[in-house]
Amino acid sequence: MSKQITVVAIAEARPGCEAQVEAAIAACVPPSRAEAANDAYVPHRDSANPSRFVFVERWASREALAEHEKTPHFQAMARSFATLLAKPLEIMILDPIG
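The rules behind each value
- Residues numbered from 1 in each chain as written.
- Predicted model: local features only at pLDDT ≥ 70, side-chain atom pairs only at ≥ 80, totals over all residues.
- Heavy atoms only, no water.
- Helix = DSSP H or I, 4+ residues; strand = E, 2+ residues; numbered from the N terminus.
- Rg over C-alpha atoms; globule rule 2.2 N^0.38 Å.
- Buried < 20%, exposed > 50% of the residue type's maximum accessible area, 1.4 Å probe, protein only.
- Areas by Shrake-Rupley, 256 points an atom, 1.4 Å probe, with all protein chains shown as cover.
- Phe/Tyr/Trp six-rings, centres within 6.5 Å; stacked < 30°, edge-to-face > 60°.
- Disulfide = S-S within 2.5 Å.

- As recorded in an unreviewed UniProt entry, the protein chain goes by Antibiotic biosynthesis monooxygenase and comes from Gluconacetobacter entanii.

1. Regarding the overall build of the protein chain
- In terms of regular secondary structure, the protein chain is built from 3 helices and 4 strands.
- In the protein chain, the succession of helices and strands from N to C terminus is β-α-β-β-α-α-β.
- The C-alpha radius of gyration of the protein chain comes to 13 Å, within 12% of the 13 Å expected for a compact globule of 98 residues.
- The principal-axis extent of the C-alpha atoms belonging to the protein chain is close to 45 × 30 × 20 Å.
- Sorting the 98 residues of the protein chain into buried and exposed places 38% on the buried side.
- Accessible area for the protein chain stands at about 5,700 Å²; split by element, carbon and sulfur atoms hold 59% of it.

2. Describing the packing of aromatic side chains
- Evaluated as defined, the whole model comprises 2 aromatic pairs.
- Both rings, one in tyrosine 41 and one in tryptophan 59, keep their centres 6.4 Å apart while their planes meet at 80°; by these two values the pair is edge-to-face. Taken together, the residues tyrosine 41 in strand E2 (residues 38-45) and tryptophan 59 in strand E3 (residues 52-59) connect sequence positions 18 residues apart. Across this residue pair, the class does not change: tyrosine 41 and tryptophan 59 are buried.
- Three or more aromatic residues joined by ring pairs make a cluster, and in this case those are Tyr41, Phe55 and Trp59.

3. Side note on the state of the cysteines
- Within this structure, the stated rule accounts for 0 disulfides.
- Cysteine 17 takes part in no disulfide bond, and the closest cysteine sulfur, belonging to cysteine 28, lies 18 Å away.

In structure tokens form, the structure reads like this:
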């Protein structure tokens, strides 16, 4: 049986692209939260580094995350990120312990 996972993803905007990154994220939030296998989808902006955006997500399983990555809203954000990020998206998939 698949178990719930938490995802932490970090996006670092290129200088001057922060507003565009934030807009791409904002467009992805409502449909991601509406996905049946999503329990949490909360993007944040780093108060110490306004170019850094951090997602904290909770998905029913790794398979659910893989399905999310195929959705049109995620794909649109990924296409935007291709030119707006200073470096590739950093993704941590966390399995619960205990």
